[in-house]
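Remarks on the overall topology
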Amino acid sequence: MGDQVNGVISQVEKLQVEDEGAGDPMDEQTVTPWSVQTSSAAGVDYNKLIRQFGSQPVEDALLDKFEKVTGKPMPHLLRRKIFFSHRDLDQILNVYASGKPFYLYTGRGPSSDAMHLGHLIPFIFTKQLQDLFDIPLVIQLTDDEKFLWKDLSLEKANELAYENAKDIIAVGFDMEKTFIFSDLDFMAQCPSFYRNILRVQKAVTYSQAKGVFGFIPDDHIGKVGFPAIQAVPSFCSTFPFIFGERKDIPCLIPCGIDQDPYFRITRDVAPKLGFCKPSLLHSTFIPSLQGAQTKMSASDPHSSIYLTDTNAQIKNKINKYAFSGGQQTVEEHRAKGGNCDVDISYQYLRFFVEDDAKLEQIRTDYSTGKMLTGELKKELITILQTLVTEHQRRRAAVTPEVVKQFMTPRKLNFKG
Ligand code: TRP
């Protein structure tokens, strides 16, 4: 996911129980892969986004089906509807239920080596899906995209792809089932990649692309052609070394909702090219430390927790910057309780505490005033310190040799 703005996540839940027209119609919001902007103080209106994009809300009945089909508890990020929207998730569940194969596809644009916790979320979720379904996964590192959009040389963008790959590998993906690739390098390694790109480019008109991405006359033509490159990992024929000659294996793409425009185009052209339409699961944006209204910015070290932060830095940032839903004084807090909906520490716990009972206890204690803001923050600090330290330990164990193995086109353990 790119750098994103943030919405208070529970807003999604609230809006889902309200009626369709919820939200101020005067609030402007644009969400594209490159910019997320809203004039609303409450952050992104996710229900409105579902309507704008024409995707489907993740509903309880679908989640029931998910558990029924897999026979296992679903990941907490799905249970809490942090992955809140989808396209054809039900169809991919049908594929799985009928014993047929599918694969997972996700990616990252390597624009800096400072990955933060928010960048990790889709990968943590994707790993849980990989474990649950026991299926192959392809991860695209769009170093080409970052060369085109940012002030980065090709060499630097490519280098960042390999640096970011270490963080991704440290999430714990199964090497036997996971292929990670840099676009710049994969293009030279695998003829089917470019061939499928051309097929997509020929099937999408400029005006379609302009309609979806809002290109302007001054945009260089590299940008116009790029969407095809992000589209084709959705097609199994892009990876003959994994899927052989087969053309009929669909994929599921977990991604930030900001990436949906790419896959709307992909889904549109897929049947024309004789390929399967990918299914999608979209996540909300993780709030920045300062709250729902501000953008999480890679250039603002105070807005996020980086994977390279020390324990002391994590503690300081949360104590100093994490927006609090607590009251002004202890007396007032004890009397009125804290507001979990806007409290960033609580919102982060929703992302990182898997145990529902524990999270609910915290929510009750905090919102009744039994738990103070300092205590809530301490809870979060401990959890994030452990998570980041563990991540750093695993990342240190990722040798260049391991990176090379993950990034070599090869047969994966795939049960066709
Ligand atoms: N464009 C994405 C980014 O800038 C990277 C990406 C490529 C991606 N393929 C993807 C993200 C598939 C999610 C799913 O971060």
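Bear in mind that the values here come from a model prediction, so they are computed numbers and not experimental data. (Residues numbered from 1 in each chain as written. Predicted model: local features only at pLDDT ≥ 70, side-chain atom pairs only at ≥ 80, totals over all residues. Heavy atoms only, no water.)

On a plain count of helices and strands, the protein comes out with 21 helices and nine strands. A compact globule built from 416 residues should have a C-alpha radius of gyration of about 22 Å, and the protein, at 21 Å, falls within 12% of that. Here the C-alpha coordinates of the protein stretch approximately 70 × 50 × 50 Å along the principal axes. A fraction of 78% describes how many contacts in the protein between residues 6 or more apart in sequence connect residues 24 or more apart. Carbon and sulfur atoms make up 53% of the accessible area of the protein, which amounts to about 17,500 Å² in all. The averaged location of the 52 negative side-chain charges in the protein is 4 Å from the averaged location of its 48 positive side-chain charges. (Helix = DSSP H or I, 4+ residues; strand = E, 2+ residues; numbered from the N terminus. Rg over C-alpha atoms; globule rule 2.2 N^0.38 Å. Contact = heavy atoms within 4.5 Å. Areas by Shrake-Rupley, 256 points an atom, 1.4 Å probe, with all protein chains shown as cover. Lys, Arg positive; Asp, Glu negative; His and termini not counted. Charge placed at Lys NZ, Arg CZ, Asp CG, Glu CD.)

We now examine the side chain of Gln 128. Inspection of the secondary structure assignment puts Gln 128 in helix α6 (residues 117-133). Gln 128 gets classed as buried once you look at its relative accessible area, which sits at 18%. In this structure, Gln 128 is in contact with Pro 75, His 76 and Glu 354, ignoring residues within four places of it in sequence. (Buried < 20%, exposed > 50% of the residue type's maximum accessible area, 1.4 Å probe, protein only.)

Before going further, it helps to spend a moment on the site of the ligand. Taken together, 16 residues form the shell around the ligand, and within it Tyr 105, Gln 140, Glu 145, Gln 230 and Gln 259 come nearest. Measuring from an oxygen atom of the ligand, one finds a backbone N or O atom of Gly 109 at 3.0 Å. Between the ligand and Lys 146 there is a distance of 3.4 Å, counted from an oxygen atom to a side-chain nitrogen or oxygen. Alone, the ligand offers 360 Å² of accessible surface; in the complex the protein occludes 99% of this. Breaking the shell around the ligand down by element, the ones donating at least two residues are β5 (103-108), α7 (143-149) and β8 (251-256). Tallying contributions element by element places β5 first for the shell around the ligand, with four residues. Split into classes, the residues belonging to the shell around the ligand amount to five nonpolar, eight polar and three charged. (Near = heavy atom within 4 Å. Polar contact = N/O pair within 3.5 Å; in protein donor to acceptor, adjacent residues only side chain to side chain. Nonpolar A, V, L, I, M, F, W, Y, C, P; charged D, E, K, R; others polar.)

Burial analysis of β5 places five of its six residues in the buried class, which makes it a mostly covered element. Note: β5 against strand β6 (residues 137-141), five bridges, orientation parallel. Looking at β6, one finds that Leu 104 is bridged to Leu 137. (Pairing = 2+ DSSP bridges.)

The next point concerns the nonpolar core. Nonpolar side chains tend toward joint burial in soluble globular proteins. Core analysis: the biggest nonpolar cluster contains 67 residues, and Leu 78, Ile 180, Ile 318, Phe 352 and Leu 384 have the highest contact counts within it. Here this core takes eight residues from α6, the largest share from any one element. Residues contacting Ile 180, with those up to four places away along its chain left out, are Ile 139, Leu 141, Ala 165, Ile 168, Ile 169, Phe 406 and Met 407. The next biggest cluster of nonpolar side chains, apart from the first, holds 40 residues, and it includes Tyr 262, Phe 263, Leu 273 and Phe 275. (Core = buried A, V, L, I, M, F, W, Y, C linked by side-chain atoms within 4.5 Å.)

What follows deals with the packing of helix α11 (residues 206-213) against helix α15 (residues 260-269). Closest axis-to-axis distance for the α11/α15 pair is 9 Å, and the angle between their directions is 145°. Judged by the sense of rotation from one axis to the other, the crossing of α11 with α15 is right-handed. Residues Gln 208, Ala 209, Val 212 and Phe 213 of α11 form the contact with α15, whose own contacting residues are Pro 261, Tyr 262, Arg 264, Ile 265 and Asp 268. A class-by-class count of the residues in the contact of α11 with α15 yields six nonpolar, one polar and two charged. (Axes fitted to C-alpha atoms, helices over the stretch in contact; angles between N-to-C directions. Left-handed = near helix turned anticlockwise from the far one by under 90°.)

It is worth spelling out the pattern of salt bridges at this point. Scanning the model with the defined rule gives 23 salt bridges in all. Between Lys 127 and Asp 131 there is a salt bridge, and its shortest N-O distance comes to 2.7 Å. One end of the pair is Lys 127 and the other is Asp 131, both in helix α6 and four residues apart, which spans about a single turn. Between Lys 177 and Asp 134 there is a salt bridge, with its nearest N and O atoms 2.9 Å apart. With Lys 177 in the loop between α8 (154-169) and β7 (178-182) and Asp 134 in the loop between α6 and β6, this residue pair connects regions lying 43 residues apart in the sequence. Residue classification places Asp 134 among the partly exposed residues on the basis of a relative accessible area of 33%. Counted as one network, the salt bridges with shared partners bring together Asp 134, Asp 174, Lys 177 and Lys 415. (Salt bridge = Lys/Arg side-chain N within 4 Å of Asp/Glu carboxyl O.)

This paragraph deals with the sheet that holds strand β3 (residues 56-57). Spatially, the seven strands line up as an open sheet ordered β3-β4-β9-β8-β5-β6-β7, and their pairing is mixed. Both edges of this open sheet fall to β3 and β7, since each of them pairs with a single strand only. Taken together, the five bridges between β6 and β7 define a ladder with parallel strand orientation. Residue Ile 139 lies in a different strand from β7, and its bridge partner there is Ile 180. Packed on one face of the sheet, helix α2 (residues 46-53) meets β3 and β4 (83-87) and runs near 10° to β4.

Take unusual backbone geometry next. Phi angles above zero are rare outside glycine, and Lys 81 is one such case at about 60°. Counting through the fold element by element, Lys 81 comes out in the loop between α4 (76-79) and β4. One non-glycine residue, Asp 88, lies in the positive phi region at around 55°. Among the structural elements, Asp 88 can be located in the loop between β4 and α5 (89-97).

With that out of the way, let us pick up the environment of Ile 318. By secondary structure assignment, the location of Ile 318 is in helix α16 (residues 311-321). Ile 318 gets classed as buried once you look at its relative accessible area, which sits at 0%. Between the C-alpha atoms of Ile 318 and Ser 303, which are 15 residues apart in sequence, the distance is 9.8 Å. Each residue touching Ile 318, except ones within four places of it in the same chain, is listed here: Leu 289, Ile 305, Ser 345, Lys 377, Leu 380, Ile 381 and Leu 384.

Attention now goes to the pairing of β6. Burial analysis of β6 places five of its five residues in the buried class, which makes it a mostly covered element. Burial along β6 is two-sided: the residues Leu 137, Ile 139 and Leu 141 and Val 138 and Gln 140 are all buried. Read from β5 through α6 to β6, the crossover connection turns out right-handed. (Right-handed = clockwise from strand over helix to strand, strands pointing away.)

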